[in-house]
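Secondary and tertiary structure notes
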Amino acid sequence: MVDNRNVNTSHRNKLSLCSDDGTTLRQLHLAKRTHTGEKPYSCSVCGKSFATSSDLAEHKRTHTGEKPYSCSMCGKSFATSSDLARHKRTHTGEKPYSCSMCGKSFATSSHLARHKRTHTGEKPYSCSMCGKSFATSSHLAQHKRTHTGEKPYSCSVCGKSFSHIITTWPGNKRAIITRREAILALPHHQSWPSTNGERHRSRSHIIRSVSVCGKSFATSSHLAQHKRTHTGEKPYSCSVCGKSFVQSSVLAQHKRTHTGEKPYSCSVCGKSFATSSHLAQHKRTHTGEKPYSCSVCGKSFATSSHLAWHKRTHTGEKPYSCSVCGKSFATSSDLARHKRTHTGEKPHSCSVCG
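Residues numbered from 1 in each chain as written. Predicted model: local features only at pLDDT ≥ 70, side-chain atom pairs only at ≥ 80, totals over all residues. Heavy atoms only, no water.

Before going further, it helps to spend a moment on the overall build of the protein chain. Tallying secondary structure elements over the protein chain gives 13 helices and 20 strands in all. Put simply, 11% of the contacts in the protein chain that link residues at least 6 apart link residues at least 24 apart. For the protein chain, the accessible area works out to roughly 24100 Å², and carbon and sulfur atoms hold 51% of it. (Helix = DSSP H or I, 4+ residues; strand = E, 2+ residues; numbered from the N terminus. Contact = heavy atoms within 4.5 Å. Areas by Shrake-Rupley, 256 points an atom, 1.4 Å probe, with all protein chains shown as cover.)

Quick look at the structure:
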């Protein structure tokens, strides 16, 4: 004979377990699979298994090519809602993932995780052949080629192969780029002189070069952004005041002048700022750091604008002119002070006698 009291007690305990944290019985089963490793949903095409039906449905799109999630701003389509959400940030400039150590913000959680390693020094990717560790999986993959001799990057003109690609960024900085970026970027080899003295040329070179100034870029998006400096195009408009901007990130920054939002906080004194650059500048008041040095006299400054003002003491440059008398000044504050000699304005009042 079955003890109904024990059955009822067991049932009540299950309900209690589910209601305590607001979790449904189905969600409880899903959670259990993270412990058991059970994957009951299999792909009929390739046999790969998944813990949830939604993960299986998402995977199937890699076979069908279906992209049901479309961007309302540019029409581009994506296979998953998370990919669409990530893409939309390229329009809004939103960077919801902030570093708790330095305040720098990122558009994706993976970029934040990678950035945090610059603070912690963590290198979670280890080479199985020699044990050497790396901060990113791409650096590990690149390192492994020193063991395997693999050269996956081939020149479309002469067929020469390379283990990795090095590109030159603004300021003559050299950086190893990822395989995804390699699709967009032209290997420097392709613009080196060939054996007959001519230079390699390819469609990718045309894509990333500006016909007006000849400047080159690693990605098509950076090229499109640069072209606006020639065309004057400002496709990102503020819905509040109508002001337009060249970049979505600058628009997002501008919007804070309307909302008053200051998402970047100083970990030392708690003061908040609208931009990460203003926070970085403020932090120097605590650290005393002065990274901008005068090439003439060696004097250092906390901000680039202070260095620019200082340089005028050497050059004698006075870019601010009075529209009334034509007299010129080295700083805008000196010009504003001078203008009061014409207007008679006296904005500073004595608190004692007025």
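Before going further, it helps to spend a moment on the side chain of His338. Mapped onto the elements of the fold, His338 is located in helix H13 (residues 332–343). The exposure class assigned to His338 is buried, which follows from its relative accessible area of 13%. Setting aside its immediate chain neighbours within four residues, His338 contacts Cys322, Cys325, Lys327 and Phe329. (Buried < 20%, exposed > 50% of the residue type's maximum accessible area, 1.4 Å probe, protein only.)

Taking 1.5 Å as the rise per residue, helix H6 (residues 137–148) with 12 residues should run 16 Å; its terminal C-alpha atoms sit 16 Å apart, in good agreement. Within the span of H6, buried status applies to Leu140, Gln142, His143 and Arg145. Downstream of H6 by one or two residues, Gly149 has phi in the positive range, about 80°. (Expected span 1.5 Å × (residues − 1).)

A few words now on the environment of Tyr97. The topology assignment puts Tyr97 in strand E5 (residues 97–98). A sequence separation of 13 residues divides Tyr97 from Ser110, and the C-alpha atoms of the two residues are 9.3 Å apart. With residues near it in sequence (within four places) discarded, Tyr97 still touches Arg89, Lys104, Ser105, Phe106, Ala107, Thr108, Ser109 and Leu112.

Take the environment of Met101 next. The topology assignment puts Met101 in the loop between E5 and strand E6 (105–106). Here Met101 falls in the partly exposed class, since its relative accessible area comes to 41%. Between the C-alpha atoms of Met101 and Thr120, which are 19 residues apart in sequence, the distance is 9.9 Å. For Met101, the contacting residues outside a window of four places in its chain are His119, Thr120 and Lys283.

The subject of this paragraph is the pattern of salt bridges. A complete count under the given rule lists 6 salt bridges for this structure. For Asp83, the salt bridge is made with Arg86, and the minimal N-O distance between the two is 2.3 Å. With Asp83 and Arg86 both in helix H4 (residues 81–92), this residue pair falls 3 residues apart, about one helical turn. Using a relative accessible area of 39% as the deciding quantity, one classes Arg86 as partly exposed. The salt bridge involving Arg145 is made with Glu150; its shortest N-O contact spans 4.0 Å. Classification of Arg145 as buried rests on a relative accessible area of 13%. (Salt bridge = Lys/Arg side-chain N within 4 Å of Asp/Glu carboxyl O.)

The predicted model of the protein chain has a mean per-residue pLDDT of 76, with 73% of residues at 70 or higher. Within the model, pLDDT remains below 50 along residues 4–22, and this stretch shows 7 contacts once partners closer than five positions in the same chain are excluded. Within the model, pLDDT remains below 50 along residues 166–209, and this stretch shows 79 contacts once partners closer than five positions in the same chain are excluded. (pLDDT = per-residue confidence, 0-100.)

The subject of this paragraph is the state of the cysteines. Scanning the model with the defined rule gives 0 disulfides in all. Counting only cysteine sulfurs, Cys322 is the nearest neighbor of Cys325, a cysteine outside any disulfide, at a range of 3.8 Å. Unpaired in this structure, Cys350 has its nearest cysteine sulfur neighbour in Cys353, at a distance of 3.8 Å. Residue Cys350 is classed as partly exposed on the basis of its relative accessible area of 40%. (Disulfide = S-S within 2.5 Å.)

Another aspect to go through is helix H10 (residues 248–259). Its 12 residues place the ends of H10 17 Å apart at the C-alpha level, agreeing with the 16 Å of an ideal helix rising 1.5 Å per residue. Buried residues along H10 sit against H4, strand E13 (236–237), strand E14 (244–245) and strand E15 (264–265). Gly260 occupies a position one or two residues after H10 and carries a positive phi of about 75°.

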